[in-house]
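So the chains spell out like this:
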Amino acid sequence: MNHSEPAAWTAGRDAARTLRRELPNLTATDAGTYLPAALHPDDADAWLRGFRSAL
């Protein structure tokens with residue numbers, strides 16, 4: 001586990017919660033669309049898991 005993985009997971013979860021307020025039809029399959037481009041691959045996986053967990 002990357003040391004920043006918990007932070008990436010939390011960031012993904014928070015992003016999904018924020019987007020869901022504006023986009024009520026948002027689903028877990030939309031996660032890749034909103035994934036920040038500059039994340040390390042380990043952090044990207046954690047971010048995606050966090051995003052999907054909120055939906």
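Procedures and definitions
- Residues numbered from 1 in each chain as written.
- Predicted model: local features only at pLDDT ≥ 70, side-chain atom pairs only at ≥ 80, totals over all residues.
- Heavy atoms only, no water.
- Axes fitted to C-alpha atoms, helices over the stretch in contact; angles between N-to-C directions.
- Helix = DSSP H or I, 4+ residues; strand = E, 2+ residues; numbered from the N terminus.
- Parallel < 35°, antiparallel > 145°, perpendicular 65-115°, else oblique.
- Left-handed = near helix turned anticlockwise from the far one by under 90°.
- Contact = heavy atoms within 4.5 Å.
- Nonpolar A, V, L, I, M, F, W, Y, C, P; charged D, E, K, R; others polar.
- Expected span 1.5 Å × (residues − 1).
- Buried < 20%, exposed > 50% of the residue type's maximum accessible area, 1.4 Å probe, protein only.
- Arc of directions from axis to C-beta.

(A) Quick look at the packing of helix 1 (residues 5–22) against helix 3 (residues 41–53). Following both chains from N to C, one finds helix 1 and helix 3 inclined at 40°, their axes separated by 6 Å at the closest point. Looking at the two axes, helix 1 sits oblique to helix 3. In this structure, helix 1 crosses over helix 3, and the sense of that crossing is right-handed. Residue-level contacts link Glu 5, Ala 8, Trp 9, Ala 11, Gly 12, Arg 13, Ala 15, Ala 16 and Leu 19 of helix 1 to Asp 42, Asp 43, Ala 46, Trp 47, Arg 49, Gly 50, Phe 51 and Ser 53 of helix 3. Of the residues in the contact of helix 1 with helix 3, the class split is nine nonpolar, three polar and five charged.

(B) Representation of helix 1 within the structure. Taking 1.5 Å of rise per residue, the 18 residues of helix 1 would be expected to cover 26 Å, and the 26 Å separating its terminal C-alpha atoms lies within 8% of that figure. Restricting attention to buried positions, one finds in helix 1 the residues Glu 5, Ala 8, Gly 12, Ala 16 and Leu 19. Burial along helix 1 is one-sided: seen end-on, the buried residues are contained in an arc of 75°. Exposed residues on helix 1 whose side chains face more than 90 degrees from its buried face are Ala 7 and Arg 21.

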